[in-house]
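These are the residues of each chain, in order.
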Amino acid sequence: MMATPPPEDTGTGTGTKTSGVRPRARAARRLIPLAVSAAGLVAGLGLWQWAGVRDPVLFATPGRSLSALATLTEDGSLPSALLSSGRLLVVGLALAIVAGVGVGLLLSRARLLRSSTDWLLFALQSVPIVALAPLILSAFGFGLPAKTLVVFLTAVFPILVNTAEGAHRVPTTLLEVARTFRSSEWRIWKDVLLPHTVPYAMTGVRQGIAMAFVGTLAAEFFLNASGVGGLLLAASTRFDSATVLGLTLLVSVLAVALMGCGRAVEGYFARWREVRP
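Residues numbered from 1 in each chain as written. Predicted model: local features only at pLDDT ≥ 70, side-chain atom pairs only at ≥ 80, totals over all residues. Heavy atoms only, no water.

### Topic: the overall build of the protein
Thought 1: Each helix and strand in the protein was counted, giving 10 helices and zero strands.
Thought 2: Walking the protein from its N terminus toward its C terminus, one meets helices and strands in the order α-α-α-α-α-α-α-α-α-α.
Thought 3: Expressed as a percentage of the 277 residues in the protein, the buried residues total 33%.
Thought 4: Long-range contacts, defined here as pairs at least 24 residues apart, represent 75% of the contacts in the protein between residues at least 6 apart.
Thought 5: Here the protein displays about 17300 Å² of accessible surface, and carbon together with sulfur accounts for 70% of that area. (Helix = DSSP H or I, 4+ residues; strand = E, 2+ residues; numbered from the N terminus. Buried < 20%, exposed > 50% of the residue type's maximum accessible area, 1.4 Å probe, protein only. Contact = heavy atoms within 4.5 Å. Areas by Shrake-Rupley, 256 points an atom, 1.4 Å probe, with all protein chains shown as cover.)

Shown next as structure tokens:
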């Protein structure tokens, strides 16, 4: 007895239902992380409010913290501090990105140099920059160059290591095909190495952004009390928990926003990657 072939999908009936279900399922998968994040944010704010009511001296409530930020904004302290810290952050991070990506790509193509400097990179990465603050202070003083060096040293190593690892993981088949077609070294860099390295480098940049914020505050704490770090230090000496928590929240929001910008840049330059539905 011959088997009856299944009916063809004409775009109606079950096929239509399936095609309608898939977009809804994809939308649900996108909404679930947002819902979880919103729930976590609400829970965190609720816990913060409870801690502030329970111990108002140690923990200020979110309302008091926002009010402290509004006061700093009105008297002009916060805008000038953000401008000072932002300039330091941008300069140090930009130098770290240029040096980290450039040296990382160079190490990926120079095998002898990479194998002989791997241990040095990890050793330098493990050194706490705060411990080097007195040396930096004695060499460069209290000005912008010293602070920029601190931000640079805290941000450059994640970018460098991730870039070198990404360029090192380029599939050998791609390089062999490029050499088979007699591609020049410049075309290998442009068409093979750089596109494959972008996601790794941007991961390092996002890590570098977080570390640059830490380096900026550390430089302003230990080298010269200015910017947002200076406001935090002054508020801490006064036991002003509202200002401390408000400034900490502001720095966290700015860091998340910058890392989100980094993710958007990565998505633009690495559109060739397969994205899971």
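### Re the nonpolar core
Thought 1: Among the nonpolar cores identified, the biggest contains 36 residues, and Val228 and Leu247 are the most heavily contacted of them.
Thought 2: Sorting the residues of this core by element identifies helix 2 (62-74), helix 3 (77-109), helix 5 (133-140), helix 6 (144-168), helix 8 (185-222), helix 9 (227-237) and helix 10 (241-269) as the ones contributing at least two each.
Thought 3: Grouped together as the second largest cluster of nonpolar side chains are six residues, Val170, Ile188, Val192 and Leu193 included. (Core = buried A, V, L, I, M, F, W, Y, C linked by side-chain atoms within 4.5 Å.)

### Things to note about the packing of helix 3 against helix 9
Think of two packed helices as two axes; the pair is described by the angle between the axes and how far apart they sit.
Thought 1: Taken N-terminus to C-terminus, the directions of helix 3 and helix 9 make an angle of 130 degrees; their axes are 6 Å apart at the nearest point. Taken together, the axis directions place helix 3 and helix 9 in an arrangement best described as oblique. Of the residues in helix 9, those touching helix 3 at Ser77, Leu78, Ala81, Leu82, Ser84 and Ser85 are Gly227, Val228, Gly229 and Leu231.
Thought 2: Here the contact of helix 3 with helix 9 is composed, by residue class, of five nonpolar, five polar and no charged. (Axes fitted to C-alpha atoms, helices over the stretch in contact; angles between N-to-C directions. Parallel < 35°, antiparallel > 145°, perpendicular 65-115°, else oblique. Nonpolar A, V, L, I, M, F, W, Y, C, P; charged D, E, K, R; others polar.)

### A few points about the pattern of salt bridges
Thought 1: Within this structure, the stated rule accounts for one salt bridge.
Thought 2: The salt bridge involving Arg238 is made with Asp240; its shortest N-O contact spans 3.4 Å.
Thought 3: Under the relative-accessibility criterion, Asp240 is labelled partly exposed at 23%. (Salt bridge = Lys/Arg side-chain N within 4 Å of Asp/Glu carboxyl O.)

### Regarding the packing of helix 3 against helix 6
Thought 1: The N-to-C vectors of helix 3 and helix 6 enclose an angle of 35 degrees; their axes lie 6 Å apart at closest approach. The element helix 3 and its partner helix 6 pack so that their crossing is right-handed.
Thought 2: In terms of residue class, the contact of helix 3 with helix 6 is made up of 21 nonpolar, seven polar and one charged. (Left-handed = near helix turned anticlockwise from the far one by under 90°.)

### What to know about unusual backbone geometry
Thought 1: Phi angles above zero are rare outside glycine, and Phe239 is one such case at about 55 degrees.
Thought 2: Tracing the backbone through its elements, the reader meets Phe239 in the loop between helix 9 and helix 10.

### Quick notes on a nonpolar patch on the surface
Thought 1: A cluster of nonpolar side chains, namely Val130, Phe221, Phe222 and Leu233, defines an oily patch on the protein surface of about 330 Å² accessible area.
Thought 2: Under the relative-accessibility criterion, Phe221 is labelled partly exposed at 31%. (Patch = residues over 30% accessible without salt bridge, like charges linked within 9 Å, V, L, I, M, F, W, Y side chains within 5 Å.)

### Side note on helix 4 (residues 111-125)
Thought 1: If you check helix 4, its first and last C-alpha atoms are 20 Å apart, about what 15 residues at 1.5 Å a residue would give, namely 21 Å.
Thought 2: The largest bend in helix 4 is about 45 degrees, located at Thr117.
Thought 3: Those residues of helix 4 not exposed but buried are Arg114, Thr117 and Leu121.
Thought 4: The elements touched by buried residues of helix 4 are helix 3 and helix 6. (Expected span 1.5 Å × (residues − 1). Bend = angle between axes of the 7 residues up to and from the residue.)

Read these as geometric descriptors, not functional statements.
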